[in-house]
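A structural walkthrough
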Amino acid sequence: MKALITGITGQDGSYLAEMLLAKGYHVYGIIRRSSSFNTGRIDPIYQDPHVPDARLHLVYGDLNDASSLNKILRTIRPDEIYNLGAQSHVRVSFDIPEYTAEVTGVATVRLLEAIRESGLHPKFYQASSSEMFGKALEVPQHETTPFYPRSPYGAAKAYAYWITVNYREAYGLFACNGILFNHESPRRGETFVSRKIAKAAARIKLGLQEELYLGNLDARRDWGFAGDYVEAMWLMLQQQEPDDYVIATGATHSVRDILELAFGHLDLDWKTHVKIDPRYYRPTEVDLLVGDASKAMRELGWKPKVSFRELIVMMVEADLEAERRKIEGTGSGDRGSARAILEATIKKAADPD
Ligand code: NAP
Ligand code: F7E
């Protein structure tokens, strides 16, 4: 079996690639040319001696470049395609709305057209998002809950969702939407709130940082573990018929709850370190998301394995370990060193998300 993954360098792409390789797949990932290496999350599997080189391939391409997608499909002829590539940051989507519409929205039809024109019949997974529910019209949210996106990102994902449904109905494509609620891991991008908190708590514990600047602490999300969620993507493509599924834990927590857990795990009081910076507020916020994944549990046999508490502790421990290794690597064990202070100052100034 050959699987093609867009977004293989991202959080989910890296977990999915690992899972598919373990199942014996040949995995092809589309990567973008970058001025610095952007393959950190998949380097361990790329270099893993247990995965023969011939089963993991990286090819250059871009979701905004139809000709690259056409060529990749023609040459690889995949059995399954997982479209995970996106500008995935909600706050940033307010700064670059048109770009977000292109890569998070329109790129899906670019890929679907490339499939149609190729004459191939791969199964197709679209990374849809709970952000489509936005100002949620019912609680909890199910597959039938109407969409009310609250950001350029959410609006782009709603387009991608509907065009996927349309190509399934119009052309008989085996195309599925996974409507995934927030899912995190130690590989989560550092500007998403869970990772931002986990990393800051670890650095504060080690004396590398004093303060953490955040936005809305009252927002509530349904947070699960990314490793559990990629399993659901694969399961969707193994069914007899294509369909759309909500993937969620069914529990909701606030940003404040993450702070309590992450700082509490390290015997720190978050209230003495956290400051509110209105720059992190969004023009329109999503206040409460909580998903009902009973359809996925019933039809796919899927269920989340990692609890919210286990997830946050896992992330804090991973960041603690990573920061410790950095200190040992640079030989900068001095807690008040000028280097650490400078690093924290630069990071704060350069981090608008
Ligand atoms: P992520 O870590 O931000 O990864 C995004 C991936 O998309 C990266 O590999 C990135 O490549 C790639 N990408 C961005 N622009 C591209 C372009 N123009 N052409 C090709 N690739 C491009 O996101 P994630 O958390 O793994 O999420 C995976 C997917 O699920 C995304 O579509 C996201 O919107 C969606 N989703 C995520 C969640 C969640 O909670 N994590 C929930 C629901 C839906 P670079 O490394 O080169 O930037
Ligand atoms: O924000 C609040 C913020 O950026 C969560 C993406 O994967 O999940 C993700 O989108 C909440 C929001 O994730 C900060 O206002 C407070 O209410 O971690 P986040 P998100 O926006 O929910 C969905 C399902 C996706 O599909 C997306 O791709 O936390 N918040 N203070 C903050 N958020 C950030 N980033 N930074 C803060 O300082």
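Residues numbered from 1 in each chain as written. Chains lettered and ligands numbered in written order. Predicted model: local features only at pLDDT ≥ 70, side-chain atom pairs only at ≥ 80, totals over all residues. Heavy atoms only, no water.

**Quick notes on the site of ligand 2**
Around ligand 2 there are 24 residues in total, and Ser88, Ser129, Tyr153, Arg282 and Glu285 lie nearest to it. Protein chains bury 96% of the 700 Å² of accessible surface belonging to ligand 2 in isolation. Breaking the shell around ligand 2 down by element, the ones donating at least two residues are α7 (193-205) and β8 (212-214). Of the residues that constitute the shell around ligand 2, the class distribution is 9 nonpolar, 8 polar and 7 charged. Both domain 1 (2-183 + 222-247) and domain 2 (189-221 + 252-287 + 308-350) contribute no fewer than three residues apiece to the shell around ligand 2. (Near = heavy atom within 4 Å. Areas by Shrake-Rupley, 256 points an atom, 1.4 Å probe, with all protein chains shown as cover. Helix = DSSP H or I, 4+ residues; strand = E, 2+ residues; numbered from the N terminus. Nonpolar A, V, L, I, M, F, W, Y, C, P; charged D, E, K, R; others polar. Domains from an automatic or database assignment.)

**Structural notes on the sheet that holds strand β4 (residues 80-83)**
Taken in spatial order, the 7 strands line up as β3-β2-β1-β4-β5-β6-β11 in an open sheet, and their pairing is parallel. Two strands lie at the open edges of the sheet, namely β3 (56-60) and β11 (245-247), each paired on one side alone. Averaged over all pairs of adjacent strands, the angle between strand axes in this sheet comes to 20°, irrespective of strand direction. In the sheet, strand β1 (residues 2-6) pairs with β4 via 4 bridges, with the strands oriented parallel. Its bridge partner being in β4, Ile5 is matched across the sheet by Tyr82. Its contacts with the sheet place helix α1 (residues 11-22) against β1, β2 (26-31), β3 and β4, and it is angled at close to 175° to β1. (Pairing = 2+ DSSP bridges. Axes fitted to C-alpha atoms, helices over the stretch in contact; angles between N-to-C directions. Contact = heavy atoms within 4.5 Å.)

**Observations concerning helix α6 (residues 152-171)**
End to end, α6 covers 28 Å across 20 residues, agreeing with the expected 28 Å (1.5 Å per residue, within 8%). Along α6, the positions that sit buried rather than exposed are Tyr153, Gly154, Ala156, Lys157, Ala158, Ala160, Tyr161, Ile163, Thr164, Val165, Tyr167 and Arg168. Buried residues along α6 sit in contact with α4 (90-95), α5 (97-118), β5 (123-129) and β6 (175-180). Following α6 by one or two positions, Gly172 adopts a phi angle in the positive range, close to 70°. (Expected span 1.5 Å × (residues − 1). Buried < 20%, exposed > 50% of the residue type's maximum accessible area, 1.4 Å probe, protein only.)

**Comments concerning the domain arrangement of the protein chain**
When cut into domains, the protein chain gives domain 1 (2-183 + 222-247) and domain 2 (189-221 + 252-287 + 308-350). Each partner contributes to the interface: domain 1 provides 14 residues, whereas domain 2 provides 21 residues. Our count for the domain 1 to domain 2 interface comes out at 1 salt bridge. Between the two partners, domain 1 and domain 2, sit 3 residue pairs in polar contact (both at pLDDT 80 or more). Elements represented by at least two residues in the side of domain 1 that touches domain 2 include exactly α4 and β10 (224-225). At 3 residues, α4 tops the list of elements feeding residues into the side of domain 1 that touches domain 2. (Salt bridge = Lys/Arg side-chain N within 4 Å of Asp/Glu carboxyl O. Polar contact = N/O pair within 3.5 Å; in protein donor to acceptor, adjacent residues only side chain to side chain.)

**A word on empty space enclosed by the protein**
Rolled over the atoms, a probe sized like a water molecule indicates the empty space that remains. According to the stated counting rule, one finds 1 cavity of 30 Å³ or more in the structure shown. By volume, the largest cavity amounts to about 30 Å³. In this structure, the largest cavity is lined by Val90, Glu131, Arg150, Ser151, Arg221, Arg282, Thr284, Glu285 and Val286. A class-by-class count of the residues in the lining of the largest cavity yields 2 nonpolar, 2 polar and 5 charged. Taken together, domain 1 (2-183 + 222-247) and domain 2 (189-221 + 252-287 + 308-350) each give at least three residues to the lining of the largest cavity, which thus spans both. (1 Å grid on protein atoms, 1.4 Å probe; cavity = no way out; pocket = protein on both sides within 12 Å on 5 of 7 lines; lining within 4 Å. Points joined across faces, edges and corners; volume = space filled by probe spheres on them.)

**Some words on the nonpolar core**
In terms of nonpolar packing, the biggest core is built from 80 residues, with Leu20 and Tyr82 touching the most fellow members. The leading source of residues in this core is helix α8 (residues 226-236), at 8 residues. Viewed by domain, this core spans two of them, domain 1 (2-183 + 222-247) and domain 2 (189-221 + 252-287 + 308-350), each represented by three or more residues. Beyond its immediate chain neighbours, meaning those up to four positions away, Tyr82 contacts Ala3, Leu4, Ile5, Thr6, Leu16, Leu20, Tyr125, Met233, Trp234, Leu237 and Gln238. (Core = buried A, V, L, I, M, F, W, Y, C linked by side-chain atoms within 4.5 Å.)

**Considering the pattern of salt bridges**
Overall, the coordinates contain 19 salt bridges when judged by the stated rule. Residue Glu190 is joined to Arg195 by a salt bridge in which the shortest nitrogen-to-oxygen separation is 3.8 Å. The class for Glu190 is partly exposed, based on a relative accessible area of 36%. Among the residues examined, Arg195 registers a relative accessible area of 11% and is labelled buried. Here the salt bridges share partners, and the residues they tie into one network are Glu190, Arg195, Lys199 and Asp319.

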